[in-house]
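Residues per chain are reported as follows:
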Amino acid sequence: MLNKPRLLTPGPTPLPERVRLAMAHDMIHHRKAQFKALFGEVQTGLKELFGTTQVVLPMAASGTGAMAAAVTGLFQPGETVLVVEAGRFAERWSEICRMHGIHVVVITVPWGEGVAPQAVQKALAAHPEASGVLMQLSETSTGVQHPVKEVAAITRESKALLVVDGISGVSIAPCPMDAWGIDCLVTGSQKGLMLPPGLALLAFSGRAWQKAEGVPPCNFYFNLLAERENCLKNQTNFTTPVSLIVGLRESLAMFRETGLEAVYRKQWALTRMVRASVKAMGLTLYAPTHFAWGVTSILLPEAMNASTLVAHATSQHGVIFAAGQGHMKDRMVRFGHMGWVDYGDILAGLHALAASYVALGGFISCRDYLEQGLVAYHTALQEPITLV
Ligand SMILES: *Cc1c(COP(=O)(O)O)cnc(C)c1O
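This text gives an overview of the structure that appears in the document. Only a predicted model underlies this, so the values are computations on that prediction, with no experimental measurement involved.

## Remarks on the pairing of strand β2 (residues 56-60)
Stage number 1. By the criterion of burial, β2 is predominantly enclosed, with four of the five residues buried.
Stage number 2. With five bridges connecting them, β2 and strand β10 (residues 199-204) associate as antiparallel partners. When the bridges of β10 are listed, L57 appears paired with L202.

Printed below as a string of structure tokens:
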């Protein structure tokens, strides 16, 4: 009760009041004119956000639904794909593919690092039969952002389709699909899009649609060819999560009013803020170079348990962080700074982190870690960022 709850996790993320109020309206029917107009508006906004002229398909599912739909829509059992495996979410690509009878060649990247584009080039040369390269834009389990643009420059010269999980990246860092040559980009509603969970979004490039047209539909619900046909009529194959589409119209309007460049710049500045402050505290940043713009992973000393720190930050400061995943579960705190958060929330988060760390026996000599974070924030706001 003393503190406002602040959701600083890498999804779900806080909801703007404007989005919540829009979603509180009464239901409209998903086959009537009012919905079709709404859908058309949302489609325009999604194309801008994805940087594509292709349709962006909304489906009722969590983000993983779009990952599964991408795999079964693009590849058939027996085909070979390369998976850039650098964390838990990358492992999910491999699991989905194997379950579908697809042969997976893993490009192993140590946790905390981004993939070297040459590693993808080498793997493609060694496996000319590969029909896809699957990776994350942002690997949320490690706080890494991969050089998707550089990988796309390689895959678009090959027959392999580049399939990108942008679930914690789209609307957080630039990832223009058409300009970079990405063949499939997926995301989910509960991260950068400032919406509740439940909506999956997927877009294919022209050559991905060509490939998909040759794949016999094998999943009644995730039939992307049927979904595209409906989308062109401002419809979805099955009953749409109407409230989420209504909320999406609001969040897309917020992005348009702010400007995507300003949105990305804010994300960049919040990232610099968290990193500068955490460094000043003397804590260890887990992803040294290829760091994500929506989540910062912080390595704790061996003696400190991440879940205990996370629980302390929640009960004493109202700040909700995420612990690590997989073998890093108890070693890492993941500080989310994506979606509807600003520097004020981040100040609260940084203080909660430092105070919880000290309460658990850690030592921080620096008194001005917040000041250092703010300086980094304001400096980064002035820096140019590359949009394409
Ligand atoms: C959150 C996340 C997912 C999983 O999304 P769900 O909505 O939980 O299915 C997949 N990939 C990445 C990179 C994520 O951040």
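## Re the nonpolar core
Stage number 1. Judged by nonpolar contacts, the single largest core of 133 residues is most densely connected at F50, L202, F321 and L353.
Stage number 2. The element that contributes the greatest number of residues to this core is helix α11 (residues 260-281), accounting for 10 residues.
Stage number 3. Residues lining this core come from more than one domain, with at least three contributed by each of domain 1 (6-12 + 260-381) and domain 2 (17-257).
Stage number 4. When near neighbours in sequence (up to four residues on either side) are disregarded, L202 contacts V55, V56, L57, M59, A66, A69, A70, C184, L185, V186 and L224.

## A closer look at the site of the ligand
Stage number 1. By nearness alone, 14 residues border the ligand, and S62, T64, T140, D165 and K191 come closest of all.
Stage number 2. Contacts to the ligand include G63, whose backbone N or O atom sits 2.8 Å from an oxygen atom.
Stage number 3. The separation between an oxygen atom of the ligand and a polar side-chain atom of T140 is 2.4 Å.
Stage number 4. Protein contact buries 90% of the 380 Å² of open area that the ligand shows by itself.
Stage number 5. If you list the elements that add at least two residues to the shell around the ligand, you get α3 (63-74) and α4 (88-99).
Stage number 6. If one sorts the elements of the shell around the ligand by residue count, α3 sits on top with three residues.
Stage number 7. A class-by-class count of the residues in the shell around the ligand yields three nonpolar, eight polar and three charged.

## Considering the side chain of H146
Stage number 1. Topologically, H146 is positioned in the loop between β7 (144-145) and α6 (148-155).
Stage number 2. For H146, a relative accessible area of 5% corresponds to the buried category.
Stage number 3. Excluding its chain neighbours within four sequence positions, the residues that come into contact with H146 are V84, A86, E113, G114, V115, M135, Q136, L137 and E139.

## Some details on the side chain of N230
Stage number 1. Mapped onto the secondary structure, N230 falls in helix α9 (residues 224-231).
Stage number 2. The exposure class assigned to N230 is buried, which follows from its relative accessible area of 16%.
Stage number 3. Apart from the residues lying within four places of it in its own chain, the contact partners of N230 are Q235, T236 and N237.

What counts as what
- Residues numbered from 1 in each chain as written.
- Predicted model: local features only at pLDDT ≥ 70, side-chain atom pairs only at ≥ 80, totals over all residues.
- Heavy atoms only, no water.
- Buried < 20%, exposed > 50% of the residue type's maximum accessible area, 1.4 Å probe, protein only.
- Helix = DSSP H or I, 4+ residues; strand = E, 2+ residues; numbered from the N terminus.
- Pairing = 2+ DSSP bridges.
- Core = buried A, V, L, I, M, F, W, Y, C linked by side-chain atoms within 4.5 Å.
- Domains from an automatic or database assignment.
- Contact = heavy atoms within 4.5 Å.
- Near = heavy atom within 4 Å.
- Polar contact = N/O pair within 3.5 Å; in protein donor to acceptor, adjacent residues only side chain to side chain.
- Areas by Shrake-Rupley, 256 points an atom, 1.4 Å probe, with all protein chains shown as cover.
- Nonpolar A, V, L, I, M, F, W, Y, C, P; charged D, E, K, R; others polar.

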